[in-house]
Amino acid sequence: MEQTNDRAIITGGSRGIGRAVAEQLVTRGHDVLLVARNAETLAQSTVALNALGPGKAWWFATDLTDQPTAAGEVVAYAERVMEGVPTLLLNGAGGASITGALDASWTLWQQDFSLKFWGYLAMMRAVLPKMMENRRGVIVNLVGVAGKDPNPTLAVASAVNGALRAVSKVLADEAKSAHVRVVNVNPGATDTDLLVEMARGIAARTHKDPAQVLAEMRQGAPLGSLPTAWDVASLIVFLMSDAAGFITGTSIDIDGGAHRGLA
Ligand SMILES: NC(=O)c1ccc[n+]([C@@H]2O[C@H](COP(=O)([O-])OP(=O)(O)OC[C@H]3O[C@@H](n4cnc5c(N)ncnc54)[C@H](OP(=O)(O)O)[C@@H]3O)[C@@H](O)[C@H]2O)c1
């Protein structure tokens, strides 16, 4: 990220971590295109971001499971409204189904891989050649610690995140010669809508009250509280900046030290 005039595509930009990244970029003078499914939430977030400024915001509603068509459409729209090749991509449209590997239906395996693995990969394949031709660009993928510490109740997400770590590494290798970077961020439990959804999933499996599960997740936070979307966004915006110019082909955990393996 240079001092001015970056053009960012943010998938999952209408809510949660993606939305917080959009806010931090816009206040630093960069333009953003938010991508998600719900047009109303996208429009509301875009109005709020444009009121903040000085960067500008646009939105594009699409289901990112529909690949590779959706990625091509997103990038074409981004180039049109932002008047140039995107210089930043945050892949953040994903989820984390609470399920074991055998409990998950084949359809669920396919859906979760379609959104997060195929979705992230299609966006990277659509944008990387353009960034490389421009010799400018940073891609950050919101992955997750389950890709390092496979978790039996996040079986599908663990596999998706592990696969994303591998593909990001090889894409980072391909992009190096053009000075384009690809970095993964691994949040642990982070206080967003997704956490509430996960608490509901755990409650259904354990026959507990969802509010109690959520409270336990918050109370069990390694550093006394869970990171917010804003906390994770601050790391992402740093990784997008020139100050992180030598960080590529790796992943950074932001989980309060919960991950037990060596980095
Ligand atoms: N929060 C955590 O604890 C945590 C931990 C580890 C990893 N992560 C990862 O970080 C990423 C962001 O998480 P978050 O907590 O910010 O999630 P969130 O608050 O639930 O936001 C998800 C965003 O993705 C969009 N989205 C969902 N499905 C989509 C689809 N099919 N097509 C297009 N857009 C879609 C949502 O908008 P619409 O619903 O309108 O489409 C929303 O903008 C995810 O990949 C998640 O797995 C999160």
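All residue numbers refer to position in the chain's written sequence, counted from 1. Under the rules for a predicted model, residues below a pLDDT of 70 receive no local features and side-chain atom pairs below 80 are neither given nor counted, while totals for whole chains, interfaces and linings still include all residues. Hydrogens are left out, water is left out, and the side-chain values use all remaining heavy atoms of the structure.

S.K.: Honestly, the overall build of the protein chain in this entry has me stumped. Any pointers?
M.R.: A run of H or I in DSSP becomes a helix once it reaches four residues, and a run of E becomes a strand once it reaches two; helices and strands are each numbered from the N terminus. In terms of helices and strands, the protein chain carries eight helices and seven strands. Looking at the protein chain residue by residue over its 263 residues, the buried ones come to 51%. What makes two residues a contact is simply this: any of their non-hydrogen atoms within 4.5 Å. Long-range contacts, defined here as pairs at least 24 residues apart, represent 75% of the contacts in the protein chain between residues at least 6 apart. For the protein chain, the computed accessible surface area is about 12100 Å², with 54% contributed by carbon and sulfur atoms. Positive residues here are Lys and Arg, negative ones are Asp and Glu, while His and the chain termini are left out of the count. By convention, the charge on Lys lies at NZ, on Arg at CZ, on Asp at CG and on Glu at CD. Of note, the protein chain has its 22 positive side-chain charges centred 3 Å away from the centre of its 25 negative side-chain charges. For every residue, the accessible area (1.4 Å probe, protein chains only) is compared with the maximum for its type, and the residue is labelled buried under 20%, exposed over 50%, or partly exposed between those bounds. For every accessible area listed, the method is Shrake-Rupley and the probe measures 1.4 Å; residues are considered covered only by the protein chains on display.

S.K.: Sorry if this is basic, but what is going on with the site of the ligand here?
M.R.: It suffices for a single heavy atom of a residue to lie within 4 Å of a molecule or strand for the residue to be listed as near it. Residues in contact with the ligand amount to 29 residues; listed here are only the nearest, S14, R15, R37, T190 and T192. Residues adjacent in sequence count toward polar contacts only when both atoms are side-chain atoms; beyond that, a polar contact is any pair of N or O atoms within 3.5 Å, and within protein one must be able to donate a hydrogen and the other to accept it. At 3.0 Å, a backbone N or O of G95 approaches an oxygen atom of the ligand. Within the side chain of Y120, an N or O atom sits 2.9 Å from an oxygen atom of the ligand. When isolated, the ligand has an accessible area of 890 Å², and the protein chains bury 94% of it. When residues of the shell around the ligand are traced back to their parent elements, those giving at least two are helix 1 (16–27), helix 4 (106–134) and helix 6 (193–206).

S.K.: Explain the sheet that holds strand 7 (residues 250–254) here, please?
M.R.: Pairing between sheet strands relies on hydrogen bonds along the backbone, with the strands arranged either parallel or antiparallel. Overall, parallel pairing links the seven strands, which are arranged 3-2-1-4-5-6-7 in an open sheet. Bordering the open sheet on either side are strand 3 (57–61) and strand 7, each of which pairs with just one other strand. Across this sheet, the average inter-strand angle for adjacent strands is 20 degrees, counted without regard to direction. Pairing geometry for strand 5 (residues 138–142) and strand 6 (residues 181–187), over five bridges, is parallel. Residue pairing across strands places I139 opposite V182, the latter belonging to strand 6. Contacts between helix 3 (residues 69–82) and the sheet are confined to strand 1 (7–11), strand 2 (31–36) and strand 3, with strand 2 contributing the most and set at about 150 degrees to the helix. A fitted line through C-alpha atoms represents every axis, and for helices the fit uses only the stretch in contact; the resulting angles, taken between N-to-C directions, go from 0 to 180 degrees. Packed on one face of the sheet, helix 8 (residues 229–240) meets strand 4 (88–91), strand 5, strand 6 and strand 7 and runs near 165 degrees to strand 6. Only strands that DSSP links by at least two bridges are regarded as paired with each other.

S.K.: Looking at this structure, how should I read the domain arrangement of the protein chain?
M.R.: Accessible area lost on assembly of the parts is the figure often given for the size of an interface. For the protein chain, the domain assignment lists domain 1 (7–188 + 228–252) and domain 2 (191–226). For the domain bounds, the source is a domain assignment made automatically or taken from a database. Between domain 1 and domain 2, the C-alpha centre-to-centre distance is 24 Å. Residue-level contacts link 13 residues of domain 1 with nine residues of domain 2. Buried area is understood as the total, over both parts, of accessible area removed when two parts are fitted together, assessed with a 1.4 Å probe. In this assembly, domain 1 packs against domain 2 so that about 790 Å² is buried in total across both faces, 64% of it on carbon and sulfur atoms.

S.K.: What is the right way to look at the environment of F238 in this model?
M.R.: Positionally, F238 belongs in helix 8. When the C-alpha atoms of F238 and A215 are compared, they prove to be 30 Å apart, with 23 residues separating the residues in sequence. Apart from residues lying up to four places away in sequence, F238 is in contact with A243, A244 and I247.

S.K.: Help me understand the nonpolar core in this model?
M.R.: A general feature of soluble globular proteins is that nonpolar side chains tend to end up buried together. I9, V21, L25, V32, V185 and I236 are the most contacted members of the largest nonpolar core, which has 69 residues in total. For this core, the leading source of residues is helix 4, giving eleven residues. Residue types Ala, Val, Leu, Ile, Met, Phe, Trp, Tyr and Cys, when buried and joined through side-chain atoms within 4.5 Å, form a set referred to as a nonpolar core. Of all hydrophobic cores here, the second largest spans eight residues; its members include A203, V213, M217 and A221.

S.K.: Would you mind showing me how to read helix 5 (residues 155–176) here?
M.R.: The periodicity of an α-helix, 3.6 residues per turn, causes residues three or four positions apart to be oriented the same way. Between the first and last C-alpha of helix 5 there are 32 Å, a value that for 22 residues agrees with the 32 Å anticipated at 1.5 Å per step. What helix 5 keeps buried is the set A155, V156, A157, S158, V160, N161, L164, V167, S168, L171, A172 and A175. The inward-facing, buried residues of helix 5 abut helix 4, strand 5 and strand 6. How far a helix is expected to stretch is found by multiplying one less than its residue total by 1.5 Å.

S.K.: Honestly, the side chain of D255 in this entry has me stumped. Any pointers?
M.R.: If you trace the backbone, D255 turns up in the segment after strand 7. Take a side-chain nitrogen of Lys or Arg and a carboxyl oxygen of Asp or Glu: if they are within 4 Å of each other, that pair is a salt bridge. Among buried Asp, Glu, Lys and Arg side chains, D255 stands out as unpaired, with K148 the closest opposite charge at 7.4 Å. Within polar-contact distance, the side chain of D255 engages the backbone nitrogen of H259 at 2.7 Å. With residues up to four places along the chain from it excluded, the contact list for D255 reads V145, G188 and P222.

S.K.: Would you mind going over the pattern of salt bridges with me for this structure?
M.R.: Pairing between side chains of opposite charge can happen when the charged atoms of each approach one another. According to the stated counting rule, one finds nine salt bridges in the structure shown. Its salt-bridge partner being D191, residue R218 comes within 2.9 Å of it at the nearest N-O pair. One end of the pair, R218, is in helix 7 (residues 210–219); the other, D191, is in the loop between strand 6 and helix 6, with 27 residues separating them in the sequence.

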